[in-house]
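Examining the three-dimensional arrangement
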Amino acid sequence: MKHLLSIDDLGREGVDELCELAESFLEVTQRDIPKVPALRGKTVACVFYEDSTRTRLSFETAAKRLSADTMSFSVGSSSVAKGESLRDTVQTIEAMGIDAMVVRHRAAGAPNRVAGWIEASVVNAGDGRHEHPTQALLDTFTLRRHRGPSLDGARIAIVGDIRHSRVARSSTKAFAALGAKVTLVAPPTMLPESLAGWPAAVSCDLDAVLPEVDVVYLLRIQHERQDATLFPSLREYTTRFGLTVERAARLRDDVLVMHAGPMNRGVEIDPEVAEAPRSVITEQVANGVAVRMAVLYSLLGSGAPVA
Amino acid sequence: MLRGGRVVDATGERGGDVLVEGDRIVEVGDGLRGDRELDAGGCVVAPGLVDLHVHLREPGMEEAETIETGARAAALGGFTAVVAMPNTTPPHDDPAVVGAVLAKGARASCEVHAAGAITKGREGTELAPMGELHALGVRIFTDDGACVDAAGVMRAALEYAASLPDAVVAQHAEDSTLAAGGHMHEGEWSSRLGIPGRPAAAEDTIVARDCILAALTGTRVHFLHLSSAGAIEQVRAAKARGLPVTAEAAPHHFTLTDESCASFDPAFKVHPPLRGPADVAAVKAGLADGTIDAIATDHAPHPTEAKERPFEEAPPGMLGLETALALTLEELVEPGVLDLPTALARLSWGPAAIAGLVDHGAPIAAGSTANLCVFDPDARWTVVPDALASRARNTPYAGRELRGRVRHTILRGEPVVLDGCATR
Amino acid sequence: MPDAARAGQHDKPAAAPGGGLSMSGSGRELELRTSVFSADDLRRAHTRIAHEIVERNQGAEDLVLVGLYTRGVAIARRLASAIESFEGVDVPVGALDVAFYRDDIGLRPVQPLGTTEVPVDVGDRTVVLVDDVLFTGRTVRAALDALTELGRPRAVQLAVLVDRGHRELPIRADFVGKNLPTKLAEDVRVRLADVDGGDDGIELWGPAAGAGSAGAGRDGSYPERGASA
């Protein structure tokens, strides 16, 4: 496996193998000295055109725990010469001697293009509305640790601004690949324009879906989109689609609550619900490093899961 | 003199040599003799092709193309006349700019006409000085690149243009409020790729509206680069009702679909976007039954660096002049969608009529101006971006093998392309 | 990929012809040469090694047996069980995966065989690493590195069932079931009931010799072996 650009690159086998591998790395991260020399001498560059401290730190930590060296480029306005094309930037960085590049960009397909321009391995850390495969993998890993390696028959509701969410696309693919039944829940303006490429059902009625699910996965509602006329007000969103205390009370005891973070407490999820035992949100974060270690190891340690 | 070709024009097909003197055709027949003979054996001799829609980028983006390089590319594509779109910097909303373009074009390898802007700055609010531009010879008015969104402004433009003889108002039909933020066709593929879409409805609504305005005002309306089945159906119905509407389609809209965008390569990014197979079929059907009167390339050169950005950040547009004829032959004539004379009608005398160019597309007979395209329909060649005459390289057909190549192009009696090479 | 192949790979000598994934390293078909240990032999070997460990360390306190995945773990458990039966001490058993410490990451696909689990702090204890076959010594080198990450043992010793020679690093075993000189092209195949199913046994396989001799060692107590384990 040379690049991780999309969950499509992995299929069921690939997702399974990476999750298995992540178990070993989770154990490593829990040691007193959470480090292995596996990628010693390798260099991983994080090239983030879109700001994200959390994801970037998660990748950097993962690389360091594997004894790789890291470089970070936050391409806001200053680090990249005005007018320097994406191609020039990544080729310049590669010339410094890197083995893998982790790319986050606000435009879909940017990592795909980068993969065509450099020799190093490319990991998609989020590209526009397209995909965020490592997030989906850590979500899947978290679910597997609770439910077992197969998600066959698991009923998962993903709630929020699906249409604009790369996490929703990647996670839907990953969950469905492991056999889960995914339902996307959102107001019509936030559902995908077409279900092509989305192995899921859709609903606009959260209350109808909740009694039938095993997992509720919440997406962040972005304040920035308020002016995009997607929904009238945050209050209306919470009323119709928020996981309120009252809705959470109607869930079965064994239902898990997940969130891709960062949370808008009080909008898509009530703070009390976020802290409840059924919520695995903090686990998701902790698992992120182990999963990213598994991804980096697979790309650079030649432990190829599935071609 | 062109020896041994097969002459095809609006009057029919016949074998024969074509004798040219000065800028005129003097005789068409067998066994003619001339001082200078050009071999047209195995070739079709047709009236020069006319492209209603090219972006020559001069003034303002000369690193991508100039009038000179664009005209050369046109000549190599068999075109003897092109209409340059007004979205230059500064735009064609000022007689001085248009005058300069026409002056530059006078020395070019094909006849360069200029379209004038409909509104000042192409901003869609105030009318441009259409009268002054008309005086310079401008007949086609468009804000191309931008759509005239406000129905009120479009109506005013149509009403005003009614006072300008032979004026045509051409629309880039894509409602900005529906298409805004979109970069490819809204549909199955935009959903798979996570790229915001431009729905066909953006095109369909404007076409519907402007057909009604054409009926209201009686002014000729021409629809640029139609791509949507729904829009084409509207035009068909409008023509059936006798409305003064015409339409064009670009080769990329009958050869490529939105699936090409799956590679995220902005070589396939264009406005209006590549759409689905049903739309491609509708474009072909429209060309076949005459709903679409012309094939126009929408030749849109861009610097290589600009197309090396991520899909959403790259500018829309593709090259088209040097591949249009071959693509038409391969995808329309060979499979029998159009016969050769109809294909040439769409490429030559059809657009010539819309632009009001009497010297182009005319039947090849004694007395006509010698604007000719001589092409070998069987010649195979591969599209190599670096080998194109255009200054830019953004063709979506890189590496594709095509059949059909221009051998000679005659502009007012002078060979501007000889044996596949430009002479100017 | 069968565990036998993966486990043996790391120990493959650098000069192994073919150097690939095949069990013989040469890609040629192998056949059974001789039985090294029968099931009974193995049982006695375990018992003897267990006694030697206790003897060398003057008792079983402060010991921890750490088996290397995959068969080393099973062997470590058997040793612990034996020690408990004659010494009455419950020696803790751990499992160690060395994948991330191997020196051939990047040269071939390297996957962990299990999750490292050592239930006690190794600091101030004597760790006995346990594996089935000692070959080039690279696996043990990786295990020492892995162990260091877990703490600072008082001492580290090594127990193996078979030492087949061809060391590429200065590594030696403290407790050996059998010293078995082998050729590089030959293969030592270990079968443990709790890992592989069937009967316990260790066999030596080598390249097909053409006309096999009667003494090629078919022991009636083994099932017919197929072409690959």
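Everything numeric in this text was worked out from a predicted model, so none of it was measured. Numbering of residues starts from 1 in every chain and runs along the sequence as written. For this description, chains carry letters from A and ligands carry numbers from 1, given in the order in which they are written. Reporting in this predicted model follows two pLDDT cut-offs: at least 70 for local features of residues, and 80 or more for side-chain atom pairs to be given and counted; totals over whole chains, interfaces and linings ignore these cut-offs and use all residues.

Turning our eyes to something else, we now look at the interface of chain A and chain B. With 21 residues of chain A at the interface, the matching set in chain B holds 18 residues. Among the elements of the structure, helix H3 (86-95), helix H4 (110-117) and helix H6 (166-177) of chain A are those that each provide at least two residues to the side of chain A that touches chain B. Examining the composition of the side of chain A that touches chain B, we find that 3 residues originate from one element, H4(A), more than from any other. Under the convention adopted here, Pro, Cys and the residues Ala, Val, Leu, Ile, Met, Phe, Trp and Tyr are nonpolar, Asp, Glu, Lys and Arg are charged, and Gly plus all remaining residues are polar. Looking at the side of chain A that touches chain B, its residues break down into 6 nonpolar, 8 polar and 7 charged. What counts as a contact is two residues whose backbone-derived C-beta atoms lie within 7 Å of each other. We count a stretch as a helix when DSSP gives it H or I for four or more residues in a row; a strand needs E for two or more, and each element gets its number in order from the N terminus.

All names here are of chain B. Here the expected span of a helix is defined as 1.5 Å times the quantity of residues minus one. Counted at 1.5 Å a residue, the expected span for helix H8 (residues 229-240) with its 12 residues is 16 Å, and the 17 Å between its end C-alpha atoms agrees. Looking only at H8, the buried set comprises Ala229, Ala231, Ile232, Gln234, Val235 and Ala238. Of the surrounding elements, those touching the buried residues of H8 are helix H7 (200-217), strand S13 (220-223), strand S14 (245-249) and helix H10 (277-289). With its phi angle positive at about 80 degrees, Gly242 sits one or two positions after the end of H8. Around each residue's C-beta, the other C-beta atoms within 10 Å are counted; 20 or more make the residue buried, 12 or fewer make it exposed, and counts in between make it partly exposed. All C-beta atoms are placed from the backbone.

Moving on: unusual backbone geometry. For the peptide bond that leads from B:Glu58 to B:Pro59, omega is 5 degrees, which places it in the cis range. Here B:Pro59 shows up in the loop between strand S6 (49-54) and helix H1 (67-76). The omega torsion of the bond from C:Tyr69 to C:Thr70 falls at 0 degrees, within 30 degrees of zero and hence cis. You can see C:Thr70 is positioned in the loop between strand S2 (63-68) and helix H3 (71-87). Residue B:Phe264 is not a glycine yet carries a positive backbone phi of 60 degrees. For B:Phe264, the position within the fold is in the loop between helix H9 (252-255) and H10. We note that B:Asp419 has phi near 50 degrees; this positive angle belongs to a residue other than glycine. The residue B:Asp419 is located in the loop between strand S18 (414-418) and strand S19 (421-422) in this model.

All names here are of chain C. Paired strands are those between which DSSP finds at least two bridges. The sheet built from 3 strands is open, its strands ordered S1-S8-S7 with antiparallel pairing. Because the sheet does not close on itself, it has two edges, and the strands there are strand S1 (30-37) and strand S7 (187-191). Each neighbouring strand pair of the sheet contributes to a mean axis angle of 30 degrees, computed without reference to strand direction. With 6 bridges joining them, S1 and strand S8 (residues 201-207) adopt antiparallel strand pairing. Note that in S8 the partner of Phe37 across the bridge is Ile202. In this analysis, axes come from line fits to C-alpha atoms, helices being fitted only over the stretch in contact, and the angle between any two N-to-C directions falls in the range 0 to 180 degrees.

Turning our eyes to something else, we now look at the confidence of the model for chain C. All names here are of chain C. Scored by pLDDT, chain C comes out at a mean of 82, with 79% of its residues at no less than 70. S2 holds the highest mean pLDDT among the elements of chain C, 97, whereas helix H1 (residues 3-9) holds the lowest, 46. The predictor attaches a confidence to each residue, called pLDDT, with possible values from 0 through 100. For the stretch residues 1-8, pLDDT sits under 50, and the model shows 14 contacts to residues farther than four places along the chain or on other chains. Here residues 211-229 is a poorly scored stretch, pLDDT under 50, and it has 21 contacts once near neighbours within four places are set aside; other chains count. In the predicted complex, the global pTM is 0.86; the interface-specific ipTM is 0.88.

Taken together, the contact pairs 15 residues of chain C with 14 residues of chain A. Here the residues of the side of chain C that touches chain A sort into 7 nonpolar, 4 polar and 4 charged.

All names here are of chain A. Sheet architecture is open: 4 strands sit in the order S2-S1-S3-S4, paired in parallel fashion. Unpaired on one side and paired on the other, strand S2 (69-74) and strand S4 (121-127) mark the two borders of the sheet. Ignoring strand direction, the axes of neighbouring strands in this sheet form an average angle of 15 degrees. Bridge count for strand S1 (residues 43-48) against strand S3 (residues 100-105) is 5 bridges, and the pairing is parallel. The partner of Val47 across the bridge, within S3, is Val103.

Glancing now at the environment of C:Glu84. Residue and element names in this part refer to chain C. You can see Glu84 is positioned in helix H3. Under the C-beta neighbour-count criterion, Glu84 is labelled partly exposed, with 14 such atoms within 10 Å. Taking the C-alpha atoms as reference points, Glu84 and Ala50, separated by 34 residues in sequence, lie 9.6 Å from one another. When sequence neighbours within four positions are dropped, the list of residues in contact with Glu84 reads Val89 and Asp90.

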